[in-house]
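# Reading the structure
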Amino acid sequence: MDYDYLLERWFKPMRLNGAQTLIKLLEDQGVEVIFGYPGGTVLEIYDALLNSSIKHILVRHEQGAAHAASGYARATGGVGVCLATSGPGATNLVTGIATAYMDSIPIVFFTGQVPQAMVGTDAFQEVDITGITHPITKHNYLVQDIKDLPRIVAEAFYISKTGRPGPVLIDIPRNVSMDITEFKHCPSVDIRGYKPTTKGHPAMIKKAVHAIQESKNLVICTGGGVIHGNASDEVEQIAHMTKGKVVSTLMGLGSYPARSKEFFGMLGTYGSQSANEAVQQCDCLLALGMRFDDRVVGNPDKFAPNATIIHIDIDPAEIGKNIRADIPIVGDIKNILVDMLKLLDKNLISNKSIATISPEKMSVPLKTGLNVPWILSQLSKMAPEDILITTDVGQHQMWTATHYAFNKPRSFISSGGLGTMGYGIPAALGVQIAKPDHLVVAITGDGSFQMGMTEIGAIAELGLPIKILIFNNQTLGMVRQLQHYYSGQRYTGVHFENKIDFVMLAKAFGAEGYRIDDPLEASKIMEKALHNGKFTIIECPIDAENLVLPIVLAGKGLEEMTKNI
């Protein structure tokens, strides 16, 4: 027997082209799903996918791929992956990349590029996507050599999911995809200059614990960082130990059970009056994984005027950026809260009591009829506990945030920082792929639906049982509301004159379609739609005069809420 021949055959290194190398590297990273759209510069990559265990989801627009990858990442807590061709394929990703960047969502984007010899010649479908996306990615790469692929892929996934999560882009010239090399697996990652802080400073943690124990009116505010850091259990422990009140930002919804007596709701411009007043009256604010953006604080000069502010965040750039931090702590939120729990002594806590029930969370009474809060109450009665809800951006988003009780992390998925219309439907696609056994509902308005409706083709083709609930007022409702308050009720460019039959549209795609015209029929229709096991579109006409109330108008403090039109 020729042992030398067998050894050479068994241990001979694999020689693969760049595209095959890329796909094997993605398998090394545990990637199971890619959302993408093919084109000329990624032909080899798509060819390599044929022999891979990775499932490819063909979207109808590259922006849909980005949002679907976002929904997938947020539902799983892992890294989303997206693939597009060069030129318009790459630029169509930009809004999705910016959306992920603003909301700290870990996604690795792969784009094709013209061959290196043609870069800079204004070749067909050539665009400098690394230059375009530099301000909206944590990092990006233009691959110059096939031998760099293992390192670049390993670094990209590491950067995307560590520290403050976010998007990373890898641009691959076509000749790199075609080049042949000896395959090497992803190396271990050690990046000089990128060492995210994970442990909080012990002295600052002790100082924070002392402030909490001295507080007589503690409020805990949970942001998206609590969900990213898987720290909900630790927040609950601190809230119960300190008897503190809990409020949430939009991105933090679900990080603390809304059913809990200590939860006062979402704070901010469109938040609940109880949450806003709690923050304004507190003497200590424990801010967890939040950015203090303008929609949260109202007038910054009037924000939490009597509070010692403890700000915990993984990103040092957020500390003191918008609101002063009396006690700043940088690090992984779960690690820091674990350390705080070790030091907290409930016998030394000054705040000895909390109201047995929080003040009214919905500051505007619920009215029966075809309005969003009431329809959401019907949905809540029938939906299972593990329902996953995505939204688009607009009035329906704020109504959902304030009138639906989110009790679990990763159950509410929406575009916060960028406020991207057209996000909800493709995000629901990604969520349903990630969680096939869960009920997934995309809540949207007629304006947002028309921005994200490209992906109903993908949903229908895949046979996903997603439910899309459209609140139709034939108006860009949130813009109209802003014009109501800030433009003297002069409404320009916000009304849709052409009436769309969304039920017929559903049928055109082979989906089930329902319209809720009568409040008496709402429960029956909702029951049927939620349990039919099919892709379903539910239209609910509403009055364009309905406003999201209460609201904090420009220049006002959080407690100065307008409750009526």
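Residues numbered from 1 in each chain as written. Predicted model: local features only at pLDDT ≥ 70, side-chain atom pairs only at ≥ 80, totals over all residues. Heavy atoms only, no water.

### Here we look at the sheet that holds strand β17 (residues 440-445)
Pairing is parallel across the open sheet formed by six strands, whose spatial order is β16-β15-β17-β18-β20-β19. Lying at the two open borders of the sheet, with one neighbouring strand each, are β16 (412-413) and β19 (512-515). Sheet topology places strand β15 (residues 388-391) next to β17; four bridges connect them, and they run parallel. Within β17, the residue paired with Thr390 across the bridge is Ala442. (Pairing = 2+ DSSP bridges. Helix = DSSP H or I, 4+ residues; strand = E, 2+ residues; numbered from the N terminus.)

### Some thoughts on the packing of aromatic side chains
For the structure shown, the criterion picks out seven aromatic pairs. Taken together, a centroid distance of 5.8 Å and an interplanar angle of 65° make the contact between Phe35 and Tyr72 edge-to-face. Note that Phe35 is positioned in strand β2 (residues 33-37) and Tyr72 in helix α4 (residues 62-76), a separation of 37 residues in sequence. Given the relative accessible area of 12%, Tyr72 is considered buried. On the basis of an interplanar angle of 15° and a centroid distance of 6.4 Å, the ring pair of Tyr256 and Phe263 is categorised as stacked. Judged by relative accessible area, Phe263 falls into the buried class, the value being 6%. (Phe/Tyr/Trp six-rings, centres within 6.5 Å; stacked < 30°, edge-to-face > 60°. Buried < 20%, exposed > 50% of the residue type's maximum accessible area, 1.4 Å probe, protein only.)

### Overview of the nonpolar core
Ranked by internal contacts, the top residues of the largest apolar core, which has 70 residues, are Leu286, Ile310, Ile312, Met340 and Leu379. Apart from the residues lying within four places of it in its own chain, the contact partners of Leu286 are Ile212, Leu218, Val219, Ile220, Cys221, Ile238, Ile310, Ile312 and Met340. In this structure, Ile105, Leu388, Ile456 and Ala458 belong to the second largest nonpolar core, which totals 51 residues. (Core = buried A, V, L, I, M, F, W, Y, C linked by side-chain atoms within 4.5 Å. Contact = heavy atoms within 4.5 Å.)

### Topic: the packing of helix α12 (residues 232-242) against helix α15 (residues 333-343)
One way to put it is that α12 packs onto α15 with a least axis distance of 9 Å and a crossing angle of 30°. With respect to α15, the element α12 is oriented roughly parallel. The handedness of the crossing between α12 and α15 comes out as left-handed. Residue-level inspection shows Glu234, Val235, Gln237, Ile238 and Met241 of α12 in contact with α15, the latter providing Lys334, Leu337, Val338 and Leu341. When its residues are assigned to classes, the contact of α12 with α15 shows six nonpolar, one polar and two charged. (Axes fitted to C-alpha atoms, helices over the stretch in contact; angles between N-to-C directions. Parallel < 35°, antiparallel > 145°, perpendicular 65-115°, else oblique. Left-handed = near helix turned anticlockwise from the far one by under 90°. Nonpolar A, V, L, I, M, F, W, Y, C, P; charged D, E, K, R; others polar.)

### Some points on helix α13 (residues 273-281)
Counting buried residues in α13 gives seven out of nine residues, a clear majority hidden from the surface. For α13, the complete set of buried residues consists of Gln273, Ser274, Ala275, Asn276, Ala278, Val279 and Gln280. Next to the buried residues of α13 lie β9 (218-222), β10 (245-248), β11 (263-266), β21 (551-552) and β22 (561-562).

### Some details on the environment of Asn276
If you trace the backbone, Asn276 turns up in helix α13. The exposure class of Asn276 is buried, given its relative accessible area of 0%. Put simply, Asn276 and Ala304 are 28 residues apart on the chain and 9.3 Å apart in space, counted from C-alpha to C-alpha. When residues no more than four places from it in sequence are discounted, the contact partners of Asn276 are Leu267, Gly268, Val552, Leu558 and Met561.

### Section: the sheet that holds β9
Spatially, six strands are ordered β11-β10-β9-β12-β13-β14 in an open sheet, and the strand pairing comes out parallel. A strand with exactly one partner marks an edge of an open sheet, and here the two such strands are β11 and β14 (327-330). This sheet shows a mean twist of 15° between the axes of neighbouring strands, independent of strand direction.

### Some details on the pattern of salt bridges
As enumerated under the stated definition, the model contains 17 salt bridges in all. For the salt bridge of Lys199 with Asp339, the shortest nitrogen-to-oxygen distance reads 3.5 Å. Linking Lys199 in the loop between β8 (180-182) and α10 (202-214) with Asp339 in helix α15, this pair joins segments that are 140 residues apart in sequence. Since its relative accessible area comes to 17%, Asp339 is described here as buried. Between Lys321 and Glu318 there is a salt bridge, and its shortest N-O distance comes to 3.1 Å. Residues joined in a network through salt bridges with shared partners are Arg164, Asp315, Glu318 and Lys321. (Salt bridge = Lys/Arg side-chain N within 4 Å of Asp/Glu carboxyl O.)

### Examining the confidence of the model for the protein chain
Considering every residue of the protein chain, the mean pLDDT works out to 94; 95% of them sit at 70 or more. Counting contacts from residues 355-359, a segment whose pLDDT is below 50, to residues more than four positions away or on other chains yields seven contacts. (pLDDT = per-residue confidence, 0-100.)

### Considering the environment of Ala544
Relative to the elements of secondary structure, Ala544 occurs in the loop between β20 (536-541) and β21. A C-alpha to C-alpha distance of 47 Å links Ala544 and Ala208, two positions 336 residues apart in sequence. Each residue touching Ala544, except ones within four places of it in the same chain, is listed here: Asn473, Thr475 and Arg480.

### Things to note about the environment of Gln481
Along the polypeptide, Gln481 turns up in helix α21 (residues 477-486). Gln481 sits 86 residues away from Gln395 along the chain, and the two C-alpha atoms are 8.6 Å apart. Other than its neighbours up to four places away in sequence, Gln481 contacts Tyr270, Gln395, Leu547, Val548 and Ile551. A polar contact of 2.8 Å, which involves the side chain of Gln481, links it to the backbone nitrogen of Val548. (Polar contact = N/O pair within 3.5 Å; in protein donor to acceptor, adjacent residues only side chain to side chain.)

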